[in-house]
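Structure assessment
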Amino acid sequence: MAKARYAIYYMPEPDSKLWRCASKLLGWDSFQGVDVKPPKLDGIKPERLREITASARHYGFHGTLKPPFYLSKTTDRAMLDEALEAFAAGQKPFKVPALELAELDGFIALRPKKACEDLDAFAKTCVKSFDNFRAPPSAEETQKRLKADLTKSQKKMLDKWGYPYVMDEFRFHMTLSERLKDKERKTVFDAIEPEIAKVLTDKSWTFNLIALVRQKSKDEPFTVVKTYPLKPHAKSRWPLRKKK
């Protein structure tokens, strides 16, 4: 039986215009777990759009908080669900600057127009709070990461947290493409921008939901297991006490 991977994401509400638009661009709705017919874009053939969104489609439209991990031997999914329930119950929603379509290290993604300390702090808290659920990466996984020419700081994050782009290396983004060469990246950016512009607002937005997602096997895309609204007035049991 294949071993499942989990991750903790930020995801827009499934009935939001942003979610529907991004899911169409990627060709996958991870809330429903179904393929979605992509839109027709100027200058991009449908088969090429599917190729350049392959990786993003595999993970689903999201902003990473706790990167994908296998469960440790001392934990299980029920324990993770319980911890997420308790965690979310004690967290306050917060405002994030408006999103913009941007180029990020050769990728096309959505990201906040300005830095957001609350968002960065929340992501750090997620990484720390749920690290006891993460099984250490295999030597093969670690070596694969090291081939990415990581900085000294990123190697330190990989060693401590199992992923190089967390904590001070974290940049919140919601990916929409593979890494593309300059000319094609501009073509794709220009084609996607009108679609995204219809669903973005110049105003700030409220971060109020986190999601647990699961990948049943390496060849399958991530799907949503459960969402957890942040509830500032709920009675929280976080942090959970270890059961005797």
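Coordinates for the structure precede this section.
All values derive from a computational prediction rather than experimental measurement. Starting afresh in each chain, residues are numbered from 1 along the sequence in its written order. Local features are withheld for residues below a pLDDT of 70 in this predicted model, meaning they are given only at 70 or higher, and side-chain atom pairs are given and counted only at 80 or more; totals for whole chains, interfaces and linings count all residues. Only heavy atoms go into the side-chain values, all of them from the structure, while hydrogens and water stay out.

Things to note about the overall build of the protein chain
Quick reminder of the rule: For the purposes of this entry, the term helix denotes a DSSP run of H or I that reaches at least four residues, the term strand denotes a run of E that reaches at least two, and both are numbered from the N terminus. With C-alpha atoms as the basis for the radius of gyration, the globule rule is written as 2.2 Å multiplied by the number of residues raised to the power 0.38. Throughout this description, buried means an accessible area under 20% of the type-specific maximum (1.4 Å probe, protein chains only), exposed means over 50%, and partly exposed covers the range between. Contacts: residue pairs with any heavy atoms within 4.5 Å of one another. Charge assignment: positive for Lys and Arg, negative for Asp and Glu; neither His nor the chain ends contribute. We put the charge of a Lys on NZ, of an Arg on CZ, of an Asp on CG and of a Glu on CD.
From N to C terminus, the protein chain includes eight helices and 11 strands. What you see for the protein chain is a C-alpha radius of gyration of 18 Å, in line with the 18 Å of a compact globule of 244 residues. The principal-axis extents of the C-alpha atoms in the protein chain amount to approximately 60 × 45 × 35 Å. A burial count over the protein chain gives 43% of its 244 residues as buried. Summarising the internal contacts of the protein chain: among those between residues at least 6 apart in sequence, 73% fall at separations of at least 24. Averaged over its 48 positive side-chain charges, the protein chain has a centre that lies 5 Å from the centre of its 33 negative ones.

Notes on the pattern of salt bridges
Inclusion rule: Basic side-chain nitrogens of Lys or Arg form a salt bridge, by our definition, when they fall within 4 Å of a carboxyl oxygen of Asp or Glu.
Per the stated rule, a full pass over the model turns up 13 salt bridges. In this structure, Asp105 engages Arg171 in a salt bridge whose closest nitrogen and oxygen atoms are separated by 2.5 Å. Taken as a pair, Asp105 in the loop between strand S6 (99-104) and strand S7 (107-112) and Arg171 in the loop between helix H7 (152-161) and strand S8 (174-175) lie far apart in primary sequence, 66 residues in all. Assessed through its relative accessible area of 49%, Asp105 is described here as partly exposed. The closest approach of N and O atoms between Arg185 and Asp182, which form a salt bridge, is 2.7 Å. Residue Arg185 and its partner Asp182 are both found in helix H8 (residues 182-197); the two are separated by three residues, about one turn of the helix. Residues participating in the shared-partner salt-bridge network are Arg48, Glu51 and Glu184.

A short note on the side chain of Gln215
The condition is simple: Each polar contact in these results corresponds to two N or O atoms within 3.5 Å; when the atoms are within protein, one needs to be able to donate a hydrogen and the other to accept it, and residues that are neighboring in sequence are counted only if both atoms are side-chain atoms.
Position of Gln215 among the secondary structure elements: in strand S10 (residues 209-215). Looking at Gln215, its side chain comes within polar contact range of the main-chain oxygen of Lys218, at 3.3 Å. Residues within four places of Gln215 in sequence aside, it is in contact with Lys3, Ala4, Arg5, His58, Glu220, Pro221 and Phe222.

Section: a positive patch on the surface
So the rule is basically this: Patch criteria: residues need more than 30% relative accessible area and no salt bridge. Like-charged residues are merged within 9 Å; nonpolar side chains of Val, Leu, Ile, Met, Phe, Trp and Tyr are merged within 5 Å. Accessible surface is estimated by sampling points in the Shrake-Rupley manner with a 1.4 Å probe; for residues, cover comes only from the protein chains shown.
A contiguous patch of positive charge, built from Lys128, Lys152, Lys156 and Lys160, is present on the exposed surface. Among the elements that line the positive patch, the one with the most residues is H7, at three residues. Position of Lys128 relative to the elements: it lies in helix H5 (residues 117-129). The exposed category is assigned to Lys128, whose relative accessible area is 52%.

What about the sheet that holds strand S4 (residues 63-70)?
Strands belonging to one sheet form pairs held by backbone hydrogen bonds; the direction of such a pair is parallel or antiparallel. Spelled out, the test is: Paired strands, as defined in this entry, are two strands with at least two bridges between them according to DSSP. Between the N-to-C directions of two axes lies an angle of 0 to 180 degrees, each axis being a line fitted to C-alpha atoms and, for a helix, fitted only over the stretch in contact.
If you trace the four strands from one edge of the open sheet to the other, you get S4-S1-S10-S11, paired in antiparallel fashion. At either end of the open sheet lies a strand with only one pairing partner, and these are S4 and strand S11 (223-229). With direction set aside, neighbouring strand axes in the sheet form an average angle of 20°. Bridge analysis of strand S1 (residues 5-10) against S4 gives five bridges, and the strand direction is antiparallel. Bridge assignment links Ile8 to a residue of S4, and that residue is Lys66.

Some remarks on H7
Heads up, the rule is: Throughout, the arc means that of the directions going from the helix axis to the C-beta atoms.
By the burial criterion, the buried members of H7 are Gln154, Met157, Leu158 and Trp161. The buried side chains of H7 occupy one side of the element, clustering within an arc of 100° when seen end-on. Residues of H7 that are exposed and angled more than 90 degrees away from the buried face: Lys152, Lys156, Asp159 and Lys160. On its buried side, H7 packs onto H5 and helix H6 (139-146).

Side note on the nonpolar core
The condition that has to hold: As used here, the term nonpolar core means buried Ala, Val, Leu, Ile, Met, Phe, Trp, Tyr and Cys residues forming a set that is joined through side-chain atoms within 4.5 Å.
Ranked by size, the top nonpolar core spans 60 residues in total, and within it Phe61, Leu65, Leu80, Phe122, Leu176, Phe207 and Ile210 carry the most contacts. The dominant element in this core, judged by the number of residues it contributes, is helix H1 (residues 17-26), at six residues. Each residue touching Leu80, except ones within four places of it in the same chain, is listed here: Tyr6, Phe69, Leu71, Phe130, Phe133 and Leu212.

Quick word on the pairing of S10
Most of S10 is tucked away: six of the seven residues are buried. Pairing between S10 and S11: six bridges, direction antiparallel. Bridging across to S11, Leu209 finds its partner in Pro229.

Overview of the packing of aromatic side chains
Counted only if it meets this: In summary, the pairing rule links any two rings of Phe, Tyr or Trp, Trp by its six-membered ring, whose centres are within 6.5 Å, and it sorts them by plane angle into stacked for under 30 degrees, edge-to-face for over 60 and tilted for everything else. A ring is considered to have a charge above it if a Lys NZ or an Arg CZ atom is located within 6 Å of its centre and within 35 degrees of its normal.
For the coordinates displayed, the defined rule picks out 16 aromatic pairs. Seen from their ring centres, Phe87 and Phe122 are 5.9 Å apart, and the 55° between their planes marks the pair as tilted. A residue pair is termed long-range when its members are at least 10 positions apart, and Phe87 in helix H4 (residues 77-89) and Phe122 in helix H5 qualify at 35 residues. Exposure remark for Phe122: the relative accessible area of 5% places this residue in the buried category. Following the ring pairs from residue to residue traces out a cluster consisting of Tyr10, Phe87, Phe94, Phe122, Phe130, Phe133, Phe172, Trp205 and Phe207. Geometry around Trp161 places Lys160 over its ring, the cationic atom sitting 5.0 Å from the centre.

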